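# Architecture at a glance
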Amino acid sequence: MKEQLSGLSALQVAERRERGEGESESGKITKSRGQIVRGNLFTLFNFLNFLIAGLLFAVGAYSNMLFIGIIILNIMIGIFQELKAKKLVDELSILNRPQICVRRDNEEMLVEPEEVVKDDLVVLESGNQICYDAVVIDGMLEVNESLLTGESDAVVKETGSELFSGSSVISGKAYVRVIHVGDSNYATKLANEVKKEKQVQSELLGSMRKVTHFTSFLIIPLGILLFVEAFFFRNTPVNEAVLSSAAALLGMLPKGLVLLISVSLAAGVIRLAKMKILVQNIYSLETLAHVDTLCLDKTGTITDGNLKVCTVIPVSIFPEGEVDRLIGSYMAACDDNNVTFRALKERFKEDPVYQPVYKIPFSSKRKWGSVSFQGAGTVFVGAPEKLMGNLSRNLEEEMRKGRRLIVIGYTGSIWKNDQELPEQIRSLYGVVLEDTIRPHAKETLKFFRKEGVDVKIISGDHVTTVSQIARRAGLRRWKEAVDLSEYPDEIDYDRLCETCSVFARVTPKQKQEIIKALKRQGHQVAMTGDGVNDLLALREADCSIAVADGSDASRQISQVVLLNSDFTHLPQVVMEGRKVIHHVTRTAQVFFIKTIYSVLVSFLCLFTNQAFPFIPIQITLIDACIEAYPSFFTIVESNTRQIHGRFLPSALTHAAPFGITVTAMIALTNFLAPLSASEQQTVMYLLLILISMSAVVKSCIPFSPLRAFLCVTMVLGTFGAILLLPSLFEVQPVSAGMGIYILAGIIAAIFLIMLLEGITYRFGDRVEKERNLRYD
C-alpha cells in the first residue's frame with residue numbers, strides 16, 4: 001500500500017504524456033478569427049456582388065461601382081462586431097477551474113487540470129470536484145452524484161469503488177488513482193455523444209436561406225436574359241447592356257439585411273456578455289425569445305444548492321444554556337462540511353466550550369455522526385428514524401411539506417462504536433431544513449407566466465420535495481405533480497405533458513422524452529440544467545441553458561450559460577432576443593421592397609423589351625440612405641413586446657404593397673407619360689425614392705425623438721446628395737410637366753398602397769389563423 005501511495009515519478013508522468021495519456025486543454029467555444037473572416041467574406045451574396053462589380057469594371061462603369069465600397073464596409077463591420085463579441089465570450093468562458101492535488105514522488109502538490117495524466121494519484125477531500133474517472137486506493141468518501149443521476153442522496157465510496165467525473169466529494173478523504181483522462185472520462189463521453197452539431201433552430205436564419213435560394217435561382221439566368229435582350233434585340237452597346245442588367249440584379253440582393261441580422265444579434269450577445277450571460281450561439285437569442293415552454297431543473301436552478309434552517313423544534317426538556325453549549329461545541333469540533341452541516345453551523349454558532357475526545361464523522365450509510373466531549377457526554381446528529389422513536393405531530397407536518405429533518409440527540413457517556421447507537425439517546429431538537437430558493441425566483445416565474453410561457457419543473461428528487469419547492473417558488477400548478485418512478489416502462493409522455501407541471505424521480509432518458517413530447521405538441525422548448533444527467537434533454541431542447549456552477553459537459557453543449565448560475569436572469573436573454581427580432585422585422589420590410597420591385601420590373605422589362613429603368617449608382621443611393629442608414633441607426637431601440645406572427649410572412653406582407661406599387665408606377669410612367677427617356681427615368685427614380693421613404697416613415701410610427709430625427713435626416717441626406725451630384729446619379733432637373741406626373745404618381749401610389757395593404761393583411765391574418773389552428 002505504501003508503494004501505491006507514493007504516486008508517479010516525474011519520469012512516469014513524462015512517459016504518459018508522450019503516449020497521449022494526459023489531459024488536453026479544452027478548446028475555445030467560439031469560432032476562430034480565421035473562421036470569422038472567412039464566414040463574413042466568402043458568402044454567396046458577396047460573390048454575386050463582386051461578380052457584378054467585375055462586370056461593371058470590365059466595361060469601364062467605374063462610378064457605378066460605388067456599391068462595392070458599401071459591401072466592403074459591411075464585411076468589415078460584420079467582422080469587427082463578431083470579433084468584439086468573440087473577445088467578450090472568450091473572456092467569459094474562461095471559467096474558474098479548480099487546481100488538482102496530486103501525489104508524486106511521495107509529495108503532494110497542486111497542478112492544473114491539464115497537467116494530470118493517467119495513473120496519477122489524486123488526493124480528494126470534502127468539497128472537491130471529481131474531474132476524472134478514478135478508483136479509490138485508500139480511504140473513504142461520501143460522493144454527491146446528483147450531476148450524473150439527478151438524485152441528491154450521497155453515495156459511499158470505499159477502497160476499490162469507482163468514481164465518475166462530474167460528481168463531487170461531500171465528506172471524507174481518500175487517495176484515488178486516475179483511470180481515464182480527456183475524452184475517455186465518463187462525463188466527457190456523454191458530452192461528446194450529445195455534442196454533435198445540430199441544426200440551428202432559427203426562423204431568421206431559415207428565412208434568409210429561403211430568400212437567398214430564391215434570389216440565387218433567379219439572378220444569374222435573369223441577368224443573362226436581360227443582357228441578351230438588350231444586346232441582341234435592342235442593339236444596345238455592351239457597356240449600357242451590362243449597366244442596365246447589373247442594376248436589376250443588384251436590386252434583388254437584400255445584402256444589407258443579412259448584415260443587419262448578424263450585427264443585431266452580435267450586439268445583443270455583447271450586451272448580455274456585460275451582464276455575465278454567455279451566449280455560445282448568437283441565434284439562441286432569437287430562439288429563446290420565441291420559447292413558449294420552459295423546463296427547469298430544481299437543484300441548482302430554482303434552488304441554489306444550499307439549505308437553511310427554518311425551524312428548531314424542542315422535543316425534550318433540557319437546561320437551555322447547557323444545550324446551546326453542547327451543540328456549539330459539536331459544531332466547532334465536527335469536520336463535516338456538506339450543505340446540511342453548513343446550514344446547521346449557520347444556525348448554531350460554533351462555540352468550543354468542551355474539549356472533544358472522540359469523533360465519528362457523519363455518514364449517509366449510517367445516517368448519523370457524533371462527537372464525544374471530556375466530562376460532558378456525546379452529542380449525536382442524524383436522521384429522525386435513527387435518533388427518535390415516533391415523530392411528533394409538528395415534525396410529521398414538516399415532513400409532509402417536503403422539508404428535511406435532522407435530529408440532535410445526547411447521551412451522558414463517551415461513545416466510540418461507529419457501527420451502532422447506544423440504547424438510550426435523549427432527543428434534544430428536531431431541526432427542520434429547507435432548500436434555499438434563489439432570490440427573485442417568484443418574480444421570474446411570474447414574468448414567464450405573464451408572457452405566456454408554460455413552466456415545467458423536472459427533478460430526480462422525491463415528488464413531495466419537488467412540488468413543495470415549486471410551490472415556494474411561485475409555480476401556480478405545483479399540485480399537478482407526477483412521480484415517474486411509479487410508472488411502468490410504457491409512459492404516455494404526451495398526456496403527462498398536457499396535465500402535469502412537476503415531474504419527480506425523472507431519469508436522464510425520461511427528461512429527454514419529456515422534451516420530445518413537448519416538441520411533438522408544437523411547443524418551442526427551452527431547457528435549463530446543470531448536470532451530466534441533463535445532457536440528453538439539453539441536446540433535445542430548442543434552446544439549452546446551463547449554469548456555471550454545473551458540470552463542464554452541460555456548459556459545453558448549452559447555447560446559453562448563466563455565469564452567475566442564476567436562472568432569474570433568463571428574462572434578460574428573452575428581452576434581448578425580442579429587441580433583435582422586432583428591430584429586424586420592422587426594418588426588413590424596407591429591404592424586401594427593393595427585392596420585390598426588382599424582380600417584378602425585371603420580368604416586365606423582359607416581356608416588353610424595355611431597358612431596366614435605373615443604373616447601379618441610383619440603387620446604391622437607396623441602399624445607403626433609405627435602407628442601411630435607418631436600420632442601423634435604430635439598432636439601439638428597445639422594443640420588448642411579446643412576439644406574434646412569423647418573420648418572413650410579416651416582413652413580406654408589409655413590403656409587398658410598396659414593391660407592387662413601385663412596379664405599377666414605373667409601368668404607368670413608362671407607357672403613359674409623354675416625356676423624354678431621361679425625364680421618364682428621373683420621374684420613375686423620384687417616385688421610387690418617395691415610395692421607399694414612405695415605407696420607412698410608416699415603420700417608424702409611433703414616432704419618438706430618435707425616429708423623427710431619423711426620418712428628417714434620411715430625407716435631407718437623400719435629396720441633398722441628388723441636388724449636389726445630379727450628374728453622378730443621372731437625374732434631370734424637375735420641370736413643371738415632370739412635377740405634375742410625380743404628384744399624380746404619389747396620389748395614385750397612396751391609394752394603391754392602401755388597397756393592397758387591406759388585401760395582404762386579410763390574407764396574412766387568414767394564413768396565420770389557419771397555422772395557429774393546426775397547433776391548437
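Residues numbered from 1 in each chain as written. Predicted model: local features only at pLDDT ≥ 70, side-chain atom pairs only at ≥ 80, totals over all residues. Heavy atoms only, no water.

## Structural notes on the pattern of salt bridges
Let me state the cut-off plainly: We count a salt bridge whenever a side-chain nitrogen from Lys or Arg sits within 4 Å of a carboxyl oxygen from Asp or Glu. Using a 1.4 Å probe on the protein chains alone, a residue whose accessible area is under 20% of its type maximum counts as buried, one over 50% counts as exposed, and one in between counts as partly exposed. Elements are defined by DSSP. Helices are runs of H or I of four residues or more, strands are runs of E of two residues or more, and each kind is numbered from the N terminus.
One pass over the full model with this rule turns up 26 salt bridges. The closest approach of N and O atoms between Arg 103 and Glu 108, which form a salt bridge, is 3.8 Å. With a relative accessible area of 18%, Arg 103 lands in the buried category. Look at Glu 108 and you get partly exposed, because its relative accessible area is 40%. The residue Glu 434 makes a salt bridge to Lys 308 at a minimum N-O spacing of 4.0 Å. Placement of Glu 434 in strand β15 (residues 426-437) and of Lys 308 in strand β10 (residues 303-314) is noted, with a sequence separation of 126 residues between them. Residue Lys 308 is classed as partly exposed on the basis of its relative accessible area, which comes to 42%.

## A closer look at the nonpolar core
Nonpolar side chains in soluble globular proteins generally cluster together in the buried interior. Convention followed: Buried residues of nine kinds, namely Ala, Val, Leu, Ile, Met, Phe, Trp, Tyr and Cys, make up a nonpolar core once their side-chain atoms join them within 4.5 Å. Contacts are residue-level and defined by heavy atoms, with any inter-residue pair within 4.5 Å sufficient.
Ranked by internal contacts, the top residues of the largest apolar core, which has 127 residues, are Leu 56, Leu 257, Leu 288, Phe 592, Ile 626 and Tyr 685. Per-element tally for this core: the top contributor is helix α22 (residues 570-608), with 16 residues. Setting aside anything within four residues of it in sequence, one finds Ile 626 in contact with Val 590, Leu 621, Ile 689, Ser 692, Met 693, Val 696, Met 714 and Thr 718.

## Observations regarding the sheet that holds β15
This is how the line gets drawn: Strands pair, by our definition, only if DSSP identifies at least two bridges between them. Axis definition: a line fit to C-alpha positions, over the contact stretch in the case of helices; interaxial angles, taken between N-to-C directions, run 0 to 180 degrees.
Taken in spatial order, the six strands of this open sheet run β10-β15-β14-β13-β12-β11, and their pairing is antiparallel. Among the strands making up the open sheet, the edge pair consists of β10 and β11 (356-363). On average, each strand axis in the sheet is inclined to that of its neighbour by 20°, with strand direction left out of account. Where strand β13 (residues 377-382) meets strand β14 (residues 404-411), five bridges bridge the pair, whose relative direction is antiparallel. Across the sheet, Phe 380 pairs through a bridge with Gly 409, a residue of β14. Each of β10, β11, β13, β14 and β15 touches helix α13 (residues 339-347); the most contacted strand, β10, lies at about 50° to it.

## Topic: the confidence of the model for the chain
Keep this limit in mind: Per-residue confidence from the predictor is reported as pLDDT, a score between 0 and 100.
Residues at a pLDDT of 70 or more form 89% of the chain, whose mean pLDDT is 82. A low-confidence stretch, residues 25-29 (pLDDT under 50), is modelled with seven contacts involving residues beyond four sequence positions or located in other chains.

## Notes on the sheet that holds strand β9 (residues 293-297)
Strand order in this open sheet of eight strands is β8-β21-β20-β19-β9-β16-β18-β17, and the pairing throughout is mixed. The open sheet has two edge strands, β8 (277-279) and β17 (481-483), and neither has a second partner. Taking each pair of neighbouring strands and ignoring which way they run, the sheet shows an average axis angle of 15°. Here strand β16 (residues 454-458) runs beside strand β18 (residues 502-504); their pairing, made up of two bridges, is parallel. Looking at β18, one finds that Ile 458 is bridged to Phe 503.

## Thoughts on helix α26 (residues 705-724)
Keep this limit in mind: Here the expected span of a helix is defined as 1.5 Å times the quantity of residues minus one. Directions drawn from the helix axis to the C-beta atoms are what define this arc.
Taking 1.5 Å of rise per residue, the 20 residues of α26 would be expected to cover 28 Å, and the 28 Å separating its terminal C-alpha atoms lies within 8% of that figure. For α26, the complete set of buried residues consists of Arg 707, Leu 710, Cys 711, Met 714, Thr 718, Ala 721 and Ile 722. Projection of α26 onto a plane perpendicular to its axis shows the buried side chains occupying an angular sector of 120°, all on one side. Summarising the geometry of α26, the exposed residues directed more than 90 degrees from the buried face are Pro 705, Leu 716, Leu 723 and Leu 724. Those residues of α26 that are buried are in contact with α22, α23 (616-633) and α25 (677-699).

## Quick look at a positive patch on the surface
Selection criterion: Each patch is assembled from residues with relative accessible area greater than 30% and no salt bridge, linking like charges that lie within 9 Å and nonpolar side chains (Val, Leu, Ile, Met, Phe, Trp, Tyr) that lie within 5 Å. Areas reported as accessible are Shrake-Rupley estimates using a 1.4 Å probe. Residue values count occlusion only from the protein chains shown. Counted as positive: Lys and Arg. Counted as negative: Asp and Glu, with His and the chain ends omitted from the count. By convention, the point assigned to a charge is CZ for Arg, NZ for Lys, CD for Glu and CG for Asp.
A contiguous patch of positive charge, built from Lys 446, Arg 449, Lys 450 and Arg 476, is present on the exposed surface. Its location among the elements puts Lys 450 in helix α16 (residues 441-450). According to the relative accessible area criterion, Lys 450 is exposed, its value standing at 69%.

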